[in-house]
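Structural description and commentary
Below are the chains, spelled out letter by letter.
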Amino acid sequence: MAAFEPELSEEQETVRDWIHGFAADVMRPAAAEWDEREEFPWPVVREAARIGLYSLDFYARQFFDPTGLGIPVAMEELFWGDAGLGLAITGTGLAAVSVFTNGTDEQIGTWVPQMYGDANDVKIAAFCSSEPDAGSDVSAMRTRARHDEAKDEWVIDGVKAWATNGGIADVHVVVAVVDPELGARGHASFVVPPGTPGLAQGQKFRKHGIRASHTAEVVLQGVRVPGHCLLGGKDRLDERLARARERANGAERGGNAAMATFEASRPAVGAQAVGIARAAYEVALDYARTRVQFGRPIIDNQGVAFQLADMRTRIDAARLLVWRASWMATAGRPFTAAEGSMSKLFAGETAKQVTAQAMQILGGNGYTRDYPVERMHRDAAIYSVFEGTSEIQRLVIARAISGMPIR
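Below is a summary of the structure that appears in this document. Small disclaimer: the values here were computed from a predicted structure and weren't measured.

Each value, and the rule that gives it
- Residue numbers here run from 1 along each chain, matching the order of that chain's written sequence.
- Totals for whole chains, interfaces and linings use every residue, but because this is a predicted model, local features are given only for residues with pLDDT of at least 70 and side-chain atom pairs only at 80 or more, for both listing and counting.
- Hydrogens and waters are ignored; side-chain quantities use all the structure's heavy atoms.
- Stacked, edge-to-face and tilted labels apply to pairs of Phe, Tyr and Trp rings (six-membered ring for Trp) whose centres lie within 6.5 Å, assigned for plane angles under 30 degrees, over 60, and everything in between, in that order.
- Helix and strand definitions here come from DSSP, where helices need a minimum of 4 consecutive H or I residues and strands a minimum of 2 consecutive E residues; each element is numbered from the N-terminal end.
- We call a residue buried when its accessible area falls under 20% of the maximum for its residue type, exposed when it is over 50%, and partly exposed in between, using a 1.4 Å probe and counting protein chains only.
- A ring is considered to have a charge above it if a Lys NZ or an Arg CZ atom is located within 6 Å of its centre and within 35 degrees of its normal.
- A pairing counts as a salt bridge when a side-chain nitrogen of Lys or Arg comes within 4 Å of a carboxyl oxygen of Asp or Glu.
- Paired strands, as defined in this entry, are two strands with at least two bridges between them according to DSSP.
- Throughout this description, a polar contact denotes any pair of N or O atoms lying within 3.5 Å of each other; where both atoms belong to protein, one of them has to be capable of donating a hydrogen while the other can accept it, and for residues adjacent in sequence the pair is counted only when both atoms sit in side chains.
- What a helix is expected to span follows from its residue count: subtract one and scale by 1.5 Å.

Summed over all chains, the structure comprises 12 aromatic pairs. Centroid distance Phe63 to Phe100: 5.6 Å. Interplanar angle 20°. Geometry classified as stacked. Of this pair, Phe63 sits in helix H3 (residues 56-63) while Phe100 is found in helix H6 (residues 92-102), placing the two residues 37 residues apart along the sequence. Residue Phe100 is classed as partly exposed on the basis of its relative accessible area of 29%. Linked through ring pairs, Trp18, Tyr54, Phe58, Tyr59 and Tyr116 together constitute an aromatic cluster. We note Arg28 situated over the ring of Trp80; from NZ or CZ to the ring centre the distance is 3.5 Å.

Applying the stated criterion across every chain, the model contains 25 salt bridges. In this structure, Asp57 and Arg61 form a salt bridge, with 3.1 Å as the shortest nitrogen-oxygen distance. With Asp57 and Arg61 both in helix H3 and four residues apart, this pair spans about one turn of that helix. Residues Arg312 and Asp316 are paired through a salt bridge, measuring 3.2 Å at the closest nitrogen-oxygen approach. Pair noted here: Arg312 and Asp316 are both in helix H10 (residues 302-331), with a separation of four residues, about one helical turn. You can call Arg312 partly exposed: its relative accessible area is 42%. Here the salt bridges share partners, and the residues they tie into one network are Glu76, Glu77, Arg278, Glu282, Arg312, Asp316 and Arg319.

Here is the key point about a regular strand: its side chains alternate between the two faces of the sheet. Among the six residues that make up strand E7 (residues 187-192), six are buried, leaving the element largely enclosed by the rest of the structure. Here E7 shows no split at all, with His187, Ser189 and Val191 on one side and Ala188, Phe190 and Val192 on the other all buried. Both strand E6 (residues 171-177) and E7 contribute to a ladder of six bridges, which runs antiparallel. Following the sheet pairing, Val173 is matched in E7 by Val191.

For the rest of this paragraph, the subject is the side chain of Asp35. Counting through the fold element by element, Asp35 comes out in helix H1 (residues 10-37). Residue classification places Asp35 among the buried residues on the basis of a relative accessible area of 5%. For Asp35, the side chain forms a polar contact with the side chain of Arg211, separated by 3.1 Å.

Before going further, it helps to spend a moment on H10. End to end, H10 covers 43 Å across 30 residues, agreeing with the expected 44 Å (1.5 Å per residue, within 8%). Taken together, the buried positions of H10 are Val304, Leu308, Met311, Ile315, Ala318, Arg319, Val322, Trp323, Ala325, Ser326, Trp327 and Met328. Count one or two residues on from H10 and you reach Gly332, which has phi positive near 75°.

Pasting the structure below:
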């Protein structure tokens, strides 16, 4: 396993520059339009597929980069381009990670290629975990899956909320309760194949930011999927549930399907936040150098210059936390101090703070849609909310460093 090296190789720099070119030439010119339209940007995603950027092969190569830096570098550049478009391009990845994390080799080989399709027939996927009354509190999940032994089918009923690509995806991965008595430990993940009866899109959410990304409810009514669509298989599920029942007294905490997916993806989400922050910082830096007030550029004033210094410092610190967590995950090193949550927490809060400072530096111009920092600020707000709120990240970190069941 490669040692942690906070410097990119020549090959990694080449990939980074290639993605940066796409972000600058394709994403940025289209960003404002798709933000206003609040529609899934199929033309942008298809162009990404045409050049090989939206493809299973590309993400697999980055995922298996032995340094662990392939995914965070790609995420930072895409979200430097635009967060809404970036999430449209990368949203399928959360469903793919769920299959990689919980599925068998056969399931990975069967379903992940169908999530992406190819340049001539682009597909997308959705990961469905949150519910109207179950976000951070996964133990409150109400979606149920029961096994019809006679047909070896699973029957799923419930409503999912906040699903990226929900309802418009070709493949949905749904987390459901299979044993209500076990709480969060009684969950399992299921693949719902394309065209399965009973799955429909509910309301589409009108969002504050990342508006080019499709977010909606997914309604499941009597959805039947074959037994082989249970990720990991029935034998593995039965073994896991048996172990969970043995420790049902609560002395030992167990994981669940949704949390395994989120834990694997948190550094990548942190990298997205770093990209947004860096984009806003660069706009503010350029503006401060060229905006003249009282006969000199405003960057000559300490009040502005010191803000920019703090912004750059936080961005670099956030990136290093993300890279460290990504390297640790690839190296198989345990997050003994919740390093994955640290990276997501700090990067998400950095994106919110830096974009707010960028708006302040631009003054009245920063508050208008004539400059992109207003959109970046709206996009950044979600990074203290989704895939675990900042408060949940702090809880995870506090439990890890204290060894106590803090609530």
